[in-house]
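Listed below are the residues making up each chain.
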Amino acid sequence: MTSPLITALPTAARKLDPRLMWRNPVMFIVEIGAALTTVIAITEPLLGAPAGAGRPLAPSFTIGIAAWLWITVVFANLAEAVAEGRGKAQAASLRATRTSTPATRVIDYDETADATAERARVVEVSSADLTLGDVVIVVAGQVIPGDGDVVSGIASVDESAITGESAPVIREFGGDRSAVTGGTRVLSDRIVVRITSKPGETFVDRMIRLVEGAARQKTPNEIALNILLASLSIVFVIVVLTINPMAGYAGREVSIPVLIALLVCLIPTTIGALLSAIGIAGMDRLVQRNVLAMSGRAVEAAGDVTTLLLDKTGTITYGNRRATAFLPVGDAEDTELARVARLASLADPTPEGSSIVTLAEEQGQHEPPARGAIVVPFTAQTRMSGVDLADGTQLRKGAASMVSAWVAETGGIAPEQSRHLDEIVTRVSEAGGTPLVVAVRDAGGDARVLGVIQLKDVVKDGLVERFAELRAMGIRTVMITGDNPLTARAIAAEAGVDDFLAEATPEDKLALIRAEQSGGNLVAMTGDGTNDAPALAQADVGVAMNTGTSAAKEAGNMVDLDSDPTKLIDIVRIGKQLLITRGALTTFSIANDVAKYFAIIPAMFAAAFPGLAVLNVMALHSSASAILSAIIFNALVIVALIPLALRGVRYRPVSASRILSRNLLIYGLGGIIAPFIGIKLIDLIVSLIPGF
Amino acid sequence: MGAQLWLFAAQLGTVILVLAVAYRPLGDYMAFAYASPRHLRVERGFYRLIGVDPSSEQSWPAYVRAVLAFSTAGIVLLYALQRVQELLPWSLGLGPVNEALAFNTAVSFVTNTNWQSYSPEATLGFTVQFAGLAVQNFLSAAVGIAVAVALVRAFAARHSSTIGNFWVDVTRGTLRILLPLAAIAAVLLVAGGVVQNLDGFHTVTTLSGATQEIPGGPVASQEAIKIVGTNGGGYFNANSAHPFENPLPWTSMLQIILMLVIPFALPRTFGRLVNDNRQGYAIAAVMATFFVVSSTVMTLLELGGSGSAPRLAGAALEGKELRFGIVGSTLYGTSSTLTSTGAVNSMHDSYTALGGGMAMINMMLGEVAPGGVGSGLYGMLVIAVIAVFIAGLMVGRTPEYLGKKIRAREMTLASLYILTTPALVLAGTALSFAIPGVQADVTGTSIANPGLHGFSEVLYAFTSAANNNGSAFAGLTANTPWLNTALGVAMMLGRFLPIVFVLALAGSLAQQDPVPVTAGTLPTHRVQFGGLLIGTVVLVSALTYFPALALGPLAEGLLHS
């Protein structure tokens, strides 16, 4: 922490410029106070101390107050500078990718006749000269000159410059992986790209502005909080301005530096100093997780989300159906079913096939593949696959109806066994799985059904717990799937989501979002395809996957560079943490005032009104040391809380009530008690200074 | 002291019991009165008379315009009545009231403050009392409830551009709530011995042979609404310490209950109208907590009053009626200053410094516990908005109260609301000592007890005026051009600026669609939120007034202790 603080010092000093300061009204008041006290400190020895109350304060007192007021302002700027500094480093590395690169522009690109642009005329231009709609050719080894969509070809692209992920990704024409980002490098093959961004407004440009904080606008909650802080400041300005006329009635006017000190202690400087740092750090935490929010508003909205739409495939489940059980029929043996299922699948290259092999091996089947076996591949007509062994035995697995028919060809199934089979097949289907029937026909033509392989969409590990967490946070999860309602219901129950939308079309998705929103809910979703774009735009928080199309990225208000849909949950958490940090430090800041009053009021008036000495509960050494100690505490607490402001207050997914209790205890009660101790300790040191 | 404490506990217990019994029926009745779609025949006649369509609703600016027009007309009328008093019947031979005082009194009664810079029996005849002051006692109270109901409606509304109809609200408040309650109260008061006649002054010869003027008048009818409508303007200068206004301990007790009954039942009305009675209980519980703590503290301070005179008397009895005793006085004083009534059955100026300070603190809380009729509820709801904002941030959501989001606009209006009164109190007090000419007048003419207590008298006056309470530290001579004008302005701004902010807030809340309640929603009906609300009320006022209190009651009281 120390070194970033020191490196940020020059920036913090530059921010003392009043033209920059006035944007933060609370700290601007402190700066004015500091300037005024400085003037008084300089003129006091020349003009003589003003007629003040009680015993005259030491000359070093005014200088001390002035110095610590300046320090308070610098500390506040420091918080902001440190927060910005973290983004600057990232911006620098991003900027390196933005240097202009040569580009091969196609002249008069003809989409239909010459989609690959093999025959078209080309011209070498600089990437800086490319405009919206230009078409360029990028070949292996070249840097993609701007954001765009692949209109022809396929290539592997190194996107580590923006994602930090070293593994190359595939970008191809059509589908949901057609978007390419300027500054990334093509590793293999050749693609034709249509540029979709204006110069200076590319994805990387926006990212740089974002992490640098240049594009930072105050978010709605931040504005509302600023209003509260400003009005508290106004109240305290009135309080302080009216003290001297009132005290003057008793002939006990207070000197200006003391009044300024009181004012600075009362206005909410702690939160005022840290507010913008909290906002910058919140965006930064998202960036660290490879999520780019297009605005702070979106981050805040994430904290408010009440409904989360999650695609089933890839988000809730692994996306591939996997074998999860062998269910023997009739008197067939478990082990035989597993053995046959494995043998029939050894040559099956699909993920389903290999998952059957894995499951069988887990159950102790390790027979080597039979020599001379003939593989029978899956076709759309037969809807089954398997092997014919050298000894004439045929092993098959496939759709229930087809395998049953195949068995019936040479004999048939006993009615009792058939009923059992139907029962199992139905059960598996109802549970959201896919049944694969396994049968064997020996050389003599005697066929029989061994049992059923249960294939299931497997719910990702840990999701059940995360959904439970979300429920505790008051967020409803809705699973979106193209599956039939039966399967959808089963998977929804297994994953623990609150609701599901089955056989969903993009229109259904959009309608669902609108319905949720009309009920007052805030909806978050992820998406990658062009057909997701309307829904992404309609959702309050739309997270587009970086692998997705540029239409999707334009429509969303966040982009996840890792293209990990479960990250939505982290985004919600970061949004909440941002608000909690603001609220907690506001509470702390206001609660601090109690102790400061007990330090300063007796210091101001106890000499004139001895009764008020009882208010000096901290038994502070003298008036001067009490006031200076309060000011020093006020300044130091800002620095002490910078790490908390940058890191964010700890957030646990429990009910609102429990979060509030915890934070009230720590930041409310703590905010009342801490300054009593802090000011007393500082006073012990200050009292050693001669003159105090 | 032990016996006194038992007496206090018994009296406080009785008050709470009666209020608890009245809470549901009265609260429900008031909710019904404002929500019912039906109009009484007399109401329909009245709407025709003033040319208002009772079925049309008003947007918030229209509602504001109606409140302001109605109140301005009230001020003008009341001012005119006083200025032409000598031409009116039953003027008892009293002449016109001077400009500054007439202005002050007109504003005072229309703003539900009922600050009295004058001695009523020596200044106003029957007609002004009856046709001017008593009428405003009803109407100003009805305006307060109307504004509160408009705000409550806004919390309950879904996507609405209107917040009700002021003319309907003020008519129903007067006819359906205040008139019946005042009628019952008047009968009970008469039964207790409060006078009700048109007799004017009787000259009697006392036992010692001296002659004395005994005033009469329509007292009970005016006393009833003075208390029920949390107005507090006495028929006589001695207010409810006068035996013709408040003759017996039980009438005093009755007055305490009548002051509190509407403000304490309004949270129920709120709960009913927003369809969640628990929200009403939470607000009422917070108000009750303040009431119990504050009355206990004030009673203890007065019972334990230091100084030689109190010690000889056994308690701080100066300025208190023996028929009410310490407990009967402090309970009345607390009820009166916590409800913005401002009626007194003992002289707050003569309380111990800290006891008098408690009366000031009660008002400085912003008159929200339970506060004036209507104004207490809307004040508390605005502070709840502030509490919800800070707490809401701390749970990680855009803060919301009853499903309505608290964003920049709502926060601006709530902040302006809590800014107004402290600014008026502190600026008014400070200006009284800062403007050279004024300072000479205030310290020379107005302040009866120079020094710390004199400062308290001025601070009390502005606190009372800006918070629309109306009680006074009687040592202050307020019938001067400066205080009449400055306090008049403080009363006016202290009443109408907050009303404008509240109605604007209502307008912006009504437009919103409520957010559904989830586990992530901050519950606002539990003890936790109650505690937070108490903390916000205390912190907001304590932080604002601490220096001023330190210079007055604290410096004085702690010096003696």
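Residues numbered from 1 in each chain as written. Chains lettered and ligands numbered in written order. Predicted model: local features only at pLDDT ≥ 70, side-chain atom pairs only at ≥ 80, totals over all residues. Heavy atoms only, no water.

Before going further, it helps to examine the domain arrangement of chain A. The domain boundaries assigned to chain A delineate domain 1 (4–90 + 210–286 + 575–687), domain 2 (102–144 + 147–196), domain 3 (291–316 + 460–561) and domain 4 (318–458). Placing a centre on the C-alpha atoms of domain 1 of chain A and another on those of domain 4 of chain A gives a separation of 74 Å. (Domains from an automatic or database assignment.)

Another point: helix 9 (residues 249–273) of chain B. All names here are of chain B. Between its terminal C-alpha atoms helix 9 stretches 37 Å, which fits the 36 Å expected from 25 residues at 1.5 Å a residue. The sharpest bend along helix 9 comes to roughly 35°, located at Val261, with the proline Pro263 sitting one to four residues further on. Of all the 25 residues making up helix 9, 21 are buried; the element is thus mostly covered by neighbouring parts of the structure. (Helix = DSSP H or I, 4+ residues; strand = E, 2+ residues; numbered from the N terminus. Expected span 1.5 Å × (residues − 1). Bend = angle between axes of the 7 residues up to and from the residue. Buried < 20%, exposed > 50% of the residue type's maximum accessible area, 1.4 Å probe, protein only.)

Bringing the UniProt feature "transmembrane region" (unreviewed entry) in chain A into the picture now. All names here are of chain A. The feature "transmembrane region" (unreviewed entry), as annotated in UniProt, sits at residues 21–42, 57–78, 223–243, 255–280, 597–620, 626–646 and 666–689 in this numbering. From the first C-alpha to the last, residues 223–243 spans 30 Å; its make-up is 100% helix and 0% strand. Counting secondary structure, residues 597–620 comes out at 38% helix and 0% strand; the distance between its end C-alpha atoms is 13 Å. (UniProt positions renumbered as here; feature names shortened; annotations may be inferred.)

Bringing the sheet that holds strand 8 (residues 291–293) of chain A into the picture now. Residue and element names in this part refer to chain A. If you walk across this open sheet you meet the seven strands as 8-20-19-18-9-16-17, and the pairing is mixed. Two strands in the sheet have a free side with no partner beyond their single neighbour: strand 8 and strand 17 (499–501). Averaged over neighbouring strand pairs, the angle between their axes works out to 20° when direction is ignored. Bridge analysis of strand 16 (residues 476–480) against strand 17 gives three bridges, and the strand direction is parallel. Across the sheet, Ile480 pairs through a bridge with Leu501, a residue of strand 17. (Pairing = 2+ DSSP bridges. Axes fitted to C-alpha atoms, helices over the stretch in contact; angles between N-to-C directions.)

Another aspect to go through is unusual backbone geometry. Residues and elements named next belong to chain B. Each neighbour pair has its own omega, and for Ala369 with Pro370 the value is 0°, a cis peptide bond. Along the polypeptide, Pro370 turns up in the loop between helix 13 (353–364) and helix 14 (375–394). In the Ramachandran plot, His159 falls in the positive-phi region, its phi being about 50° despite a non-glycine side chain. Mapped onto the elements, His159 comes out in the loop between helix 6 (126–156) and helix 7 (166–192). Looking at His159, the relative accessible area reads 58%, which means it is exposed. Even without glycine at this site, Asn468 takes up a positive phi of about 60°. Within the secondary structure, Asn468 sits in the loop between helix 17 (452–466) and helix 18 (481–510).

Take the pairing of strand 1 (residues 201–205) of chain B next. Residue and element names in this part refer to chain B. When strand 1 meets strand 2 (residues 211–215), the two strands line up antiparallel, connected through five bridges. Among the inter-strand pairings, Thr205 is bridged to a residue of strand 2, identified as Thr211. Count of turn residues in the strand 1/strand 2 antiparallel hairpin: five residues, of which Gly209 carries a positive phi of about 100°.

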